[in-house]
Amino acid sequence: MEYYVLTLFPDMITDGLHTSIIGRAIEDGVLSLEAVNIRDYTLSKHGKTDDYPYGGGAGMVMQAQPVYDAFMSIRNRIDYNPRVVYLTPQGKVFHQDMAKELALEKGIVFLCGHYEGVDERVLDEIVTDEVSIGDYVLTGGELPAMCMIDAISRMIPGVLHNNESAEDDSFGDGLLEFPQYSRPEIWRDRKVPAILLSGDHAKVDAWRREQSLIRTAERRPDLLENAVISPKERDFIRKYLANKNEL
Ligand code: ADE
């Protein structure tokens, strides 16, 4: 996977993503990451990349020309038409299924906006997907781009190593993850659930599955509709919730 990020703050992207698992994957050559500084492509003598909005109003708008030329500097040296993701609160809300789908691309270009927005004409010209990472407003698209790159990369074979498997994750089957415990067995008078010490793998698996069902029902009932659950498990959730409401 080749990631290209069009940004006014390239250090933010490279500093943030050259650590931990994503940093390792870049070093291993499973991923490549290039932050392209939009400012390098301005034709303005003073390095200007924004200007006042036509029609008036507060804030500044990122101009079309530097964004377009920065994009073309990438497009002209690759042999395919990449998806171009513009990060904006007005976009489609990012989701695990979108991460899985984007993980199949050969390369992705991210466009990070700042100020009051980006001239609509360059968006019309180059953007294929507008994506939001949630219903809140950030100061720029860099953190959203980094979130997306992290989530997409985990879905690419070779990024996670065996002991970091994506299989059991929250959302893998549409459910939240079960609780985890490590040594010691007792900490501040709190015991690890006895079943986890039993050595009975079938029982442990069944308990973990129940915990996932309970957690999802309690914390994110909206996820249950699309989760992969058997009729028996749906029944278990119904009974659990009915029992709880009686108490
Ligand atoms: N830019 C500012 N806020 C954003 C958000 N929530 N998602 C994506 N891009 C953004």
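Please read all numbers here as calculations on a predicted model, not as lab measurements.

**Student:** Hey, could you run me through the overall build of the chain in this one?
**Tutor:** When helices and strands are counted, the chain shows eight helices and nine strands. Relative to the 2.2 N^0.38 estimate, which gives 18 Å for 247 residues, the radius of gyration of the chain is 23 Å and therefore markedly larger than a compact globule would have. A buried classification covers 40% of the 247 residues belonging to the chain. The long-range fraction of contacts in the chain, counting pairs at least 24 apart against all pairs at least 6 apart in sequence, stands at 73%. A total accessible area of about 15100 Å² is found for the chain, and carbon and sulfur atoms account for 50% of it. Of the charged side chains in the chain, 27 are positive and 41 negative; the average position of the first set lies 7 Å away from that of the second.

**Student:** What should I look at first to understand the packing of helix 7 (residues 201-219) against helix 8 (residues 231-246) in this one?
**Tutor:** A pair of packed helices can be characterised by two numbers: the angle between their axes and the separation between those axes. Contact pair helix 7 / helix 8: the axes reach a minimum separation of 10 Å and the direction vectors enclose 60°. Compared by their axis directions, helix 7 and helix 8 come out oblique. Here helix 7 runs over helix 8; the crossing is right-handed. Facing Arg209, Glu210, Leu213, Ile214, Ala217 and Glu218 of helix 7, the residues of helix 8 in contact are Glu233, Phe236, Ile237, Tyr240, Leu241 and Lys244. Along the lines of polarity and charge, the residues of the contact of helix 7 with helix 8 split into seven nonpolar, no polar and five charged.

**Student:** Which parts of the structure should I look at to understand the packing of aromatic side chains?
**Tutor:** Two aromatic rings are characterised by how far apart their centres lie and by the angle between their planes. All chains considered together, the criterion is met by one aromatic pair. Pairing Tyr3 with Phe110 gives two aromatic rings, centres 6.1 Å apart and planes at 45°, and the pair type is tilted. Here the residue Tyr3 occupies a position in strand 1 (residues 2-7), and Phe110 occupies one in strand 6 (residues 107-112), the gap between them amounting to 107 residues. Classification of Phe110 by relative accessible area gives buried; the value is 0%. When the ring centre of Trp187 is taken as reference, the NZ or CZ atom of Arg188 above it lies at 5.7 Å.

**Student:** It is not clear to me how the pattern of salt bridges should be interpreted in this structure. Could you clarify?
**Tutor:** When their charged atoms lie close together, side chains carrying opposite charge are able to pair. Counted by the stated rule, this structure contains 14 salt bridges. Here Lys106 ties to Asp79 by a salt bridge, and the two come within 3.3 Å at their closest N and O atoms. Within this pair, whereas Lys106 is found in the loop between helix 4 (96-102) and strand 6, its partner Asp79 is found in the loop between helix 3 (64-75) and strand 5 (83-93), the two being separated by 27 residues in sequence. Given a relative accessible area of 66%, Asp79 falls into the exposed group.

**Student:** How should the domain arrangement of the chain be read in this particular structure?
**Tutor:** Frequently, the measure chosen for interface size is the accessible area that the parts lose on association. Taken domain by domain, the chain holds domain 1 (2-153) and domain 2 (170-246). Centre-to-centre, using C-alpha coordinates, domain 1 lies 38 Å away from domain 2.

**Student:** Is there a simple way to explain the nonpolar core in this structure?
**Tutor:** Burial of nonpolar side chains together is a common tendency in soluble globular proteins. In terms of nonpolar packing, the biggest core is built from 29 residues, with Tyr3, Leu31, Phe110, Met148 and Ile152 touching the most fellow members. Of all the secondary-structure elements, those providing two or more residues to this core are strand 1, helix 1 (10-17), helix 2 (20-28), strand 5, helix 4, strand 6 and helix 6 (142-153). Looking at this core element by element, the count peaks at six residues for helix 6. Ala70, Ile78, Val84 and Tyr86 belong to the second largest nonpolar core, which has 21 residues in total.

**Student:** I'm lost on helix 2 in this one. Help?
**Tutor:** Side chains that are three or four residues apart share a direction in an α-helix, a result of its 3.6 residues per turn. Within the sequence span of helix 2, burial applies to Ile22, Gly23, Ala25 and Ile26. Looking down the long axis of helix 2, one finds its buried residues gathered within 160° of arc, a one-sided arrangement. Facing away from the buried side of helix 2 by over 90 degrees, the exposed positions are Ser20 and Glu27. Taken together, the buried residues of helix 2 touch helix 1, strand 2 (32-37) and helix 6. Downstream of helix 2 by one or two residues, Gly29 has phi in the positive range, about 80°.

How each quantity is defined
Residues numbered from 1 in each chain as written. Predicted model: local features only at pLDDT ≥ 70, side-chain atom pairs only at ≥ 80, totals over all residues. Heavy atoms only, no water. Helix = DSSP H or I, 4+ residues; strand = E, 2+ residues; numbered from the N terminus. Rg over C-alpha atoms; globule rule 2.2 N^0.38 Å. Buried < 20%, exposed > 50% of the residue type's maximum accessible area, 1.4 Å probe, protein only. Contact = heavy atoms within 4.5 Å. Areas by Shrake-Rupley, 256 points an atom, 1.4 Å probe, with all protein chains shown as cover. Lys, Arg positive; Asp, Glu negative; His and termini not counted. Charge placed at Lys NZ, Arg CZ, Asp CG, Glu CD. Axes fitted to C-alpha atoms, helices over the stretch in contact; angles between N-to-C directions. Parallel < 35°, antiparallel > 145°, perpendicular 65-115°, else oblique. Left-handed = near helix turned anticlockwise from the far one by under 90°. Nonpolar A, V, L, I, M, F, W, Y, C, P; charged D, E, K, R; others polar. Phe/Tyr/Trp six-rings, centres within 6.5 Å; stacked < 30°, edge-to-face > 60°. Lys NZ or Arg CZ within 6 Å of the ring centre and 35° of its normal. Salt bridge = Lys/Arg side-chain N within 4 Å of Asp/Glu carboxyl O. Domains from an automatic or database assignment. Core = buried A, V, L, I, M, F, W, Y, C linked by side-chain atoms within 4.5 Å. Arc of directions from axis to C-beta.

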